[in-house]
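Spelled out from the first residue to the last, the chains are:
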Amino acid sequence: MSTSTDPVCGMTVKSDSPHRFEYRGIEYRFCSAKCEAKFQVSPGTYLGTRPADQAQPGVMYTCPMHPEIRQPMPGNCPKCGMTLESESPIVSAAVEYTCPMHPEIVRSEPGNCPICGMTLEPRSASAEDNAELRDMTRRFWTSAILALPVFLLATVSDLFPQTISESVSMAMLQWIEFVLATPAVLWGGWPIFRRGYESVVNRSLNMFTLIALGVGVAWTYSVVAMLLRGIFPETMRSMMGTVPVYFEAGAVIMALVLLGQVMELRARSQTSAAIKLLLGLAPKTARIVRPDGNEEDIPLARVQPNDVLRVRPGEKVPVDGVVLEGASALDESMVTGESIPVEKTAGARLIGATVNGTGSLLMRAERVGADTLLAQIVHEALETMEKVDTLVVDKTGTLTEGKPKLVSVVALNGFDENEVLRLGASLERASEHPLAAAIVGGAQEKGLLLLTVGDFKSHTGKGVTGSVEGRAVALGNLKLFEELQLDAGELPARADTLRGDGQTVMLLAVDGKAAGLIGVADPVKASTPDAIRALHEEGIRIIMLTGDNRTTAEAVAKKLGIDQVEAEVLPEQKAAIVKQLQAQGRFVAMAGDGVNDAPALAQAQVGIAMGTGTDVAMESAGVTLIKGDLRGIVRAVRLSRATMKNIRQNLFFAFIYNVLGVPVAAGVLYPFFGLLLSPIIAAAAMSFSSVSVILNALRLRRTNL
């Protein structure tokens, strides 16, 4: 049964609680009718003071160690007590709106300034909010500062009693220890005791059970021994008539436990900081168009599928969707790595957080919140990446620079080189393909005057056709010539010679007659050879997919030492090749530019979208969206394997502490060997278990990637 936290009193509430109230689309559960009534009177009071306990619409929370635990509210894992994390990391939706001219005007909703009428602008209500880390840090330092003098007093009174003034009695020392240790144990350790209690209620005992039991019993026993020493037998009393107490042990152990929690939360906070920064790329508001035609700005969290939204020039697209009206060019480089703006018209798909150009668009929202591409980017896949044994890579933009250059021009049948280049470049000027840009750029460098093109048509995966000065011009591969039933003549043989040098060669026909060849080469990235070598060292087989001619593809593959080549592949065929590899039992990662490779990226067990401007995603997710450098994949594989090895070590540590500590503390060995471990000592061992696991996890910082 799942649990959540009462926003009024902070107590744990089961999912079947009859006390519940829906506020702003979120259902909150309460421990009693009294708490429910208080919340109904002033919800903002409790939600504002307990930001860590607020749920987010559509977000499920799970335990990193027990992924089967899922619930719609924050809380602690009922099995191990660890703080639950959202399945899709989110940025706080708390947005305040203020007037640029009157900053004293602050509102929680969009609108107009009541003084000057200016539209209120959004501002972040706060920086990254990690209330749990701040709270646990405050409790740790308080407990540590109080535990230190308690420990010193106990040590001195036990080992060096002669140094204590005769005017200070042992009873007085115990009272001093009680005053210092009580807030350190009870206030400082309240979250630990609460988790221990939850573990008993949920019938899933864990390390918090033992810590709460050990420290709680030690403190309770010490209080009884101090106040009611007369009930203890004479043999347990010291020469001064006092009974030994364990205030210092309880306080020190609680401080150590809190230190472990702070270290864990800090490590998790640093890990998620980059994720939140990535998600922060999305706009904070969206402009919704109501059915009556009225428009207003609303918080991004309130956008629902099928909402009609306005994207004005220069704005970011709020969520994933499709264009209903308008036309514009969008910068999608932060997601796809494609530096050239992409033209969007009615029916085109939009990606959230990409930047609109100069046009105005009307769009329909389709995927919002955790379902957007930007949110999907941050899903970590470390466990999956460890299993990868095959890497499928797209050639252009992945192995190569993605910035091809004109290398050669060959003229045949009475045409000269300048005429071949001028006609080919004029035709390609209407295309946005990287190879087209190389041809146009080469012609411009030679000072050639490009001509107007009519009847332009793009043949996907084959080439382009059009009319230049009344002449029918076709530029593409042999498949284009076959489709148009053109005689290529000696062009294929001449082209193979150029392809042997790694050039991508396009055949030109003018008025149905073979006219020449244009060769373009895309330089291999300087980092690619080292990356290929390192991937092979990790035992990964590399397969290159490309639409290039086989001769060209094999020349590049031979130069780089790639294991297998799939050439002359159309975009829609790439996913089928990945699926075929999976059918052979291979665990496939696919790296591509995220545009034409999208189906293959979705089919692979791990999709890796290559692109520029994605350092944040590289730091956070590591494998789903990385910088355009294959060495990033090498680092992801190494990090994955190091992380999974570290996790197994941590599980071993936890297993050993639990298997040895808990039974001995319970007295299992006493009947046979007379061994009995005090629960407080077992609690200390469990606290060291927590610290050792965190310290071992932090070793990942020093992993050589």
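Going by the structure above, here's the rest.
Because the structure is a prediction, the values reported are computed rather than measured.

Draft legend 1. Inspection of helix α15 (residues 491–499) at higher detail. Listed in full, the buried residues belonging to α15 are L491, A495, L498 and R499. On an axial view of α15, the arc spanned by its buried residues comes to 95°, and they lie on one face. Residues of α15 that are exposed and angled more than 90 degrees away from the buried face: A493 and T497. Its buried side turned inward, α15 meets β21 (405–411), α14 (478–483), β25 (504–510), β26 (513–521) and α17 (550–560).

Draft legend 2. How the structure looks around the pattern of salt bridges. For the structure shown, the criterion picks out 18 salt bridges. D135 is the partner of R138 in a salt bridge, and the nearest nitrogen-oxygen pair spans 3.2 Å. Here D135 and R138 lie together in helix α3 (residues 131–159), a separation of three residues that amounts to about one turn. In this structure R138 comes out as partly exposed when scored by relative accessible area, which is 45%. For the salt bridge of E295 with R310, the shortest nitrogen-to-oxygen distance reads 2.9 Å. With a gap of 15 residues between them, E295 in strand β12 (residues 295–299) and R310 in strand β13 (residues 308–311) connect regions that are remote in the sequence. Owing to a relative accessible area of 24%, R310 belongs among the partly exposed residues under this scheme. Through salt bridges with shared partners, a single network forms among R287, E295, D297, R310, R312 and E315.

Draft legend 3. Focus on the nonpolar core. In terms of nonpolar packing, the biggest core is built from 31 residues, with I192, V215 and F247 touching the most fellow members. Those elements giving two or more residues to this core turn out to be α3, α4 (170–187), α5 (190–201), α6 (207–227) and α7 (247–279). In terms of residues, this core owes the most to one element, α6, which gives nine residues. When near neighbours in sequence (up to four residues on either side) are disregarded, V215 contacts V185, F193, G250, I253 and M254. Ranked by size, the runner-up nonpolar core spans 29 residues in total, among them M385, L399, I562 and F587.

Draft legend 4. Structural detail: the packing of α5 against α6. Across the interface, α5 lies against α6 with an axial gap of 8 Å and an inter-helix angle of 120°. The pairing of α5 with α6 is recorded here as oblique in orientation. Crossing of α5 against α6: the hand is left-handed. Taken together, the residues of α6 that come into contact with α5 (itself represented by I192, F193, R195, G196, S199 and V200) are F208, T209, I211, A212, V215 and G216.

Draft legend 5. Here's a closer look at the packing of α3 against α5. Across the interface, α3 lies against α5 with an axial gap of 10 Å and an inter-helix angle of 115°. Taken as axis vectors, α3 and α5 run roughly perpendicular relative to one another. Across the interface between the two elements, E132, M136 and R139 of α3 pack against W190, P191 and R195 of α5. The residue inventory of the contact of α3 with α5, partitioned by class, reads three nonpolar, no polar and three charged.

Draft legend 6. Expanded view of the sheet that holds strand β24 (residues 471–476). Spatially, the six strands line up as an open sheet ordered β21-β26-β25-β24-β23-β22, and their pairing is antiparallel. The sheet is open, and its two borders are formed by β21 and β22 (453–459), each paired with just one other strand. The mean angle between the axes of side-by-side strands here comes to 20°, regardless of whether they run parallel or antiparallel. As defined by bridge partners, β22 adjoins strand β23 (residues 463–468) across five bridges and the pair is classed as antiparallel. Note on β23: the bridge partner recorded for G454 is S467. Each of β21, β22, β23, β24, β25 and β26 touches helix α12 (residues 417–428); the most contacted strand, β24, lies at about 85° to it.

Draft legend 7. Structural detail: the environment of T12. Residue placement: T12 occurs in strand β2 (residues 12–14). Residue class for T12 comes out partly exposed when judged on its relative accessible area of 29%.

Draft legend 8. Structural detail: the pairing of β25. Taking burial as the measure, the seven residues of β25 include seven buried ones, the bulk of the element. Alternating residues of β25 divide into T504, M506, L508 and V510 and V505, L507 and A509, and every residue in both groups is buried. For β24 and β25, the ladder comprises four bridges, and the chain directions are antiparallel. By the bridge assignment, G476 is partnered in β25 with L507. Bridge count between β25 and β26: seven bridges; the pairing is antiparallel.

Draft legend 9. Inspection of the sheet that holds strand β16 (residues 342–344) at higher detail. Read across the open sheet, the three strands follow the order β16-β15-β18; overall the sheet is antiparallel. Unpaired on one side and paired on the other, β16 and β18 (355–356) mark the two borders of the sheet. In the sheet, strand β15 (residues 328–331) pairs with β18 via two bridges, with the strands oriented antiparallel. Its bridge partner being in β18, D331 is matched across the sheet by V355.

Draft legend 10. Representation of the packing of aromatic side chains. Within the structure shown, the criterion is met by six aromatic pairs. Residues Y221 and F232 carry aromatic rings whose centres are separated by 5.7 Å and whose planes lie at 90° to one another, so their mutual orientation is edge-to-face. Taken together, the residues Y221 in helix α6 and F232 in the loop between α6 and α7 connect sequence positions 11 residues apart. Residue class for Y221 comes out partly exposed when judged on its relative accessible area of 25%. Between Y221 and Y246, the aromatic rings sit 5.8 Å apart at their centres with planes inclined by 40°, giving tilted as the arrangement.

Draft legend 11. Expanded view of unusual backbone geometry. The phi dihedral of N306 falls on the positive side, at around 80°, and the residue is not glycine. Mapped onto the secondary structure, N306 falls in the loop between β12 and β13. Although it is not a glycine, D455 adopts a positive phi angle of roughly 55°. Assessed through its relative accessible area of 69%, D455 is described here as exposed.

Cut-off values and rules
- Residues numbered from 1 in each chain as written.
- Predicted model: local features only at pLDDT ≥ 70, side-chain atom pairs only at ≥ 80, totals over all residues.
- Heavy atoms only, no water.
- Buried < 20%, exposed > 50% of the residue type's maximum accessible area, 1.4 Å probe, protein only.
- Helix = DSSP H or I, 4+ residues; strand = E, 2+ residues; numbered from the N terminus.
- Arc of directions from axis to C-beta.
- Contact = heavy atoms within 4.5 Å.
- Salt bridge = Lys/Arg side-chain N within 4 Å of Asp/Glu carboxyl O.
- Core = buried A, V, L, I, M, F, W, Y, C linked by side-chain atoms within 4.5 Å.
- Axes fitted to C-alpha atoms, helices over the stretch in contact; angles between N-to-C directions.
- Parallel < 35°, antiparallel > 145°, perpendicular 65-115°, else oblique.
- Left-handed = near helix turned anticlockwise from the far one by under 90°.
- Nonpolar A, V, L, I, M, F, W, Y, C, P; charged D, E, K, R; others polar.
- Pairing = 2+ DSSP bridges.
- Phe/Tyr/Trp six-rings, centres within 6.5 Å; stacked < 30°, edge-to-face > 60°.

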